[in-house]
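Chain by chain, the residues run as shown.
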Amino acid sequence: MARGERKRRAGPPAEALGPRAPDKAARRREGRFGVGPGSGPRRGPGGRGAGSQGPGSAALAALGLALALGLGLGLSWRGIVAWQRARRAVTLHPAPPALPPNSSSAAAAPDLFWGTYRPHVYFGMKTRSPRAPVTGLMWLQQGTPPGMPGQLRHTCEQGDGMGPYGWELHDGVSFGRQRLHDGALLLTTEFVKRPGGSHGGDWSWRITAEPQSQESLGIPLLSLFFYVATDGQGTLRPEPGTGGQLNGVDGHTEELGDFRLILLPPTNVRGTALKHGSYNSLWMPSPGLHLLTEVVKNRLNRWFQHRPPGGSPERYLGLPGSPQWEGESLKSGHSVQGQIVVQQLTLKPPFRVELVFESGSVGWGESRPGGRLAGPVFSQALDIHVTAFTDRFEDTFRLGARGLSAGEQALGQAALSGLLGGFGYFYGQGLVLPDPGDEGPEEDPAPAPSLFPPAPLFTAVPSRSFFPRGFLWDEGFHQLVVYCWEPRLTREALGHWLGLLNADGWIGREQVLGDEARVRVPPPFLVQRAAHANPPTLLLPVMRMLDSGDTADLDFLRTAFPRLQAWFSWLRQSQAGPVPLSYRWRGRDQAAPGLLNPKTLPSGLDDYPRASHPSPDERHLDLRCWVALGASVLARLAQKLGETQAETELAELAAKLRDENGLDLLHWAPELGVFADFGNHTGAVRLARGPQGLVRVVGRPPPHLQYVDALGYVSFFPLLLRLLSPTSPHLGPLLDLLADTRHLWSPFGLRSLSASSPLYGQRNSEHDPPYWRGAIWVNVNYLALGALDHYGRLEGPHQAQASQLHTQLRTNLVGNVWRQYRDTGFLWEQYSDRDGHGMGSRPFQGWTSLVLLAMAEDY
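Rules used in this analysis
- For every chain, the first residue of the written sequence is number 1, and numbering continues from 1 onward in sequence order.
- Predicted model: local features are reported for residues with pLDDT of at least 70 only, side-chain atom pairs are reported and counted for 80 or more only, and whole-chain, interface and lining totals are derived from all residues.
- Computation of side-chain values: all heavy atoms of the structure, hydrogens and water removed.
- The working definition used for a salt bridge is a side-chain nitrogen of Lys or Arg within 4 Å of a carboxyl oxygen of Asp or Glu.
- Every helix listed is a DSSP run of H or I at least four residues long, and every strand listed is a run of E at least two residues long, numbered separately from the N terminus.
- Between buried and exposed lies partly exposed: a residue is buried under 20% and exposed over 50% of the maximum accessible area for its type, with that area taken using a 1.4 Å probe on protein chains only.
- When DSSP finds two or more bridges between a pair of strands, those strands are recorded as paired.
- Lines fitted to the C-alpha atoms define the axes, with helices restricted to the stretch that makes contact. Angles between their N-to-C directions range from 0 to 180 degrees.
- The contact rule is simple, with two residues in contact once any of their heavy atoms fall within 4.5 Å.
- What qualifies as a polar contact is a pair of N or O atoms within 3.5 Å, subject to a donor-acceptor requirement within protein and to the restriction that residues adjacent in sequence count only when both atoms come from side chains.
- Here, nonpolar core refers to any group of buried Ala, Val, Leu, Ile, Met, Phe, Trp, Tyr and Cys residues whose side-chain atoms link them within 4.5 Å.
- Taking the helix axis as origin, the arc is that swept by the directions to the C-beta atoms.

Caption draft 1: The arrangement of the pattern of salt bridges in detail. By the definition in use, this model includes 36 salt bridges. Asp-833 is the salt-bridge partner of Arg-751, the closest N and O atoms lying 2.7 Å from each other. Residue Arg-751 is found in the loop between strand 31 (749–750) and helix 18 (778–793), and its partner Asp-833 is found in the loop between strand 32 (830–831) and strand 33 (838–839); the two are separated by 82 residues along the sequence. You'll find Arg-751 and Asp-833 in the same group, each marked buried. One network of salt bridges, in which partners are shared, links Asp-111, Arg-392, Glu-486 and Arg-488.

Here is the structure:
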């Protein structure tokens, strides 16, 4: 998944201008298709016409200026080329954007403007705008005995001791329900949006706090902290009430106009009787959205008394009390800094409370159409959404019709809802290291990262607790699920990812945009390297779009084609291997004394075993298969769009890469009886304990160029991506290996590395446990299910075997994910091949949500 450390690795040789290719021979054999970032059709007023200058002309002019300045300053040719390459690495691609201008605005997509687009917090909302006001919830169990408060909950953290949590229902647009288990406390968060006005409409929250069970006695006082914060744009002004309670918070921003937030009085869980609450508040400058937890925590420095009528007083830790501005004096109606307003509500569970957001463009209070979205009005709207979701879910995925149990159907709903509720809207600048090219050493000793231009990203995230940001190769798998439910969201997500294309056609594989995302990532891991690729999984949902017949999909793909073309062109040129039609992942770790097998993070398979000694002579099987798939998909798209020249060249490349004789020549290892990587390799490596810890020991035979004996996921990529014909002589042996319990087959799914491999379950270093060395990953199991279903439907000598394996694998995989969800309440990053238990980060409702499509047999 490429979650770990990043090593500074060189990329392919590159030209200073236009197309980049690994060498002259590679450029000759690659042909003319997609030869540069400006390749592909340009349409409309911004297109290239008579008298216009394309990006190549601009680049020549820039190079001329650079030559003049550089030579005048005594720079070498290599220095000038490096400067030009660095500039291109952080220059946006000139192709027309895949999405219309302001596509995220309230005017263009009012129903998507507000959303739960802060996946890193347990509950919060924001708009799809660069400097959006944010709202959120924190809570604190005041402690038993009194005076010993618990942990302030706000951001999702892997090790915070929370019980299961996640969205049980979420339609990605209008409503959601989430349950959070915190010790004996059960919090249920619900929201409903209502369209209207010109700024994205209204929304309301309902928070219900109650014991997890009747046996959960003695729950302490609970403090809920509702906040709204601005990021330097707009104003907030709380309206004081009595006893620390706010009558509301009035606000104004350019995009939202006037708005008001009102926290209604708490009631019992049925909403039929008021309950007494104690209130505290805070109004101060915001030091930054990433510091909101610390702001509240640092102000919890006074003790107060909660005195319910007829009850005993209890102490609680609270905010200062009254909403007095704590910063420098505010100019009337204007603030040059961000602000935060927090309302603390403290009382004893069980209770429920509602927060209402009202847009001034709709009206105020009960006078607005439909009345205030609270109480019975909220309940009715929520019930309508729940019923519509349930009916639509069954119509879409047919789990009930397929005979799946109620529990399995609930798992499917949670898989979809957790993925949709994990969408985030990010905005900021990433750090990029340019491709050093062949002018620089393979390992740049002193790289200098540059800031990428500010850009937005609307994307699902793999894990709210551990990976709450965008990952390129994960997103293609995410969108396979999302597309089945809401194709518009998939078009939005793909369009945003393609908006991150640089002038060469590169997209950074991990996007850390904005302070809230950046604070979750250690500084050494913030930099993306413009020589490193990632599997082009965004083309998987593109395949779905090509099959849909939806005119909206085709219109989007027509606009996106130049960017898809440039991205694919960069991939196959920059990652070209040592011989024609071979490919090599740039960015492998260098061999080091403490590494058992240097990682290949750009492949997404991290520590999956490759050649023991990295070298430019490597040929990576999985990458060749990804390029073959990409050429086939884009050839189909070009044909559908009438792009004749692109279709011809792409189809020619696809035919060459799908030719089984050519694949055999480069990757079939007769001595292993399987497809394999090729490189400078020896199996005689191990970690041994030395004075400085574990160190790698290389025995005999010494490394030499050979096929890599590492039977596992990579070995099956020609099968996984359906590149083999049903009559291929290799299909039968591959199916036999797949079903062999000594290798990949387990009762819980396909393991990532053969149980007979010397590196199975082995650490990669002193502090680096195995990751892709045996564990079961749902995304690759899903590819395997799709391939087995594919070959089980095609006439051939192995049709029956493939069909039988599909049925058995689906039963094993779905059954285990369901049991782990039933027992733990989580979807997990990976699963043990030994006993099936969930491992890694949780909740992981990224590509593990593909279990829903496995249940639906939708491949």
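Once you've had a look at it, read on.
Caption draft 2: Summary view of unusual backbone geometry. A cis amide bond, omega 5°, links Pro-349 with the succeeding residue Pro-350. With respect to the helices and strands, Pro-350 occurs in the loop between strand 15 (339–347) and strand 16 (351–359). Here the bond from Arg-700 into Pro-701 is cis, since omega is 5°, no more than 30 degrees from zero. Summarising the element assignment, Pro-701 is placed in the loop between strand 28 (693–698) and strand 29 (704–707).

Caption draft 3: Fine view of the sheet that holds strand 16. Taken in spatial order, the eight strands of this open sheet run 4-5-6-7-16-11-10-9, and their pairing is antiparallel. Among the strands making up the open sheet, the edge pair consists of strand 4 (165–170) and strand 9 (235–240). The average angle at which neighbouring strand axes cross in this sheet is 15°, direction not considered. Pairing analysis gives five bridges linking strand 11 (residues 257–263) to strand 16, with the strands arranged antiparallel. Among the inter-strand pairings, Ile-262 is bridged to a residue of strand 16, identified as Val-356. On top of the sheet, helix 6 (residues 375–397) reaches strand 4, strand 5 (175–182), strand 6 (185–194), strand 7 (202–211) and strand 16; it is set at about 90° to strand 6, its chief contact.

Caption draft 4: Quick peek at the sheet that holds strand 18 (residues 431–433). Across the sheet, three strands lie side by side as 19-18-23; this open sheet has mixed pairing. The open sheet has two edge strands, strand 19 (450–451) and strand 23 (527–529), and neither has a second partner. Bridge count between strand 18 and strand 23: three bridges; the pairing is parallel. Along strand 23, the bridge assignment pairs Val-432 with Gln-528.

Caption draft 5: Quick look at the side chain of Asn-280. Its location among the elements puts Asn-280 in strand 12 (residues 278–285). A polar contact is formed between the side chain of Asn-280 and the side chain of Tyr-316, at a distance of 2.7 Å. Separated by 3.0 Å, the side chain of Asn-280 and the backbone oxygen of Leu-319 make a polar contact. Contact partners of Asn-280, with chain neighbours within four places excluded, come to Gly-244, Phe-304, Tyr-316, Gly-318, Leu-319, Gly-321, Val-342, Gln-343 and Gln-344.

Caption draft 6: Structural view of the nonpolar core. Membership of the largest hydrophobic core comes to 213 residues, with the highest contact counts inside it found for Trp-139, Phe-397, Leu-564 and Trp-772. Ranked by the residues each element gives to this core, the list is headed by helix 13 (residues 621–641), at 14 residues. If we ignore the near neighbours within four places in the chain, the residues touching Phe-397 are Arg-402, Leu-416, Cys-484, Trp-485, Leu-852, Leu-853 and Ala-856. In this structure, Leu-152, Ala-229, Leu-319 and Val-342 belong to the second largest nonpolar core, which totals 18 residues.

Caption draft 7: Highlighting helix 5 (residues 292–299). Every buried residue of helix 5 is listed here: Leu-292, Thr-293, Val-295 and Val-296. In an axial view of helix 5, the angular spread of the buried residues amounts to 165°, which keeps them on one side of the axis. Along its buried surface, helix 5 packs onto strand 3 (134–141), strand 8 (222–229), strand 12 and strand 15.

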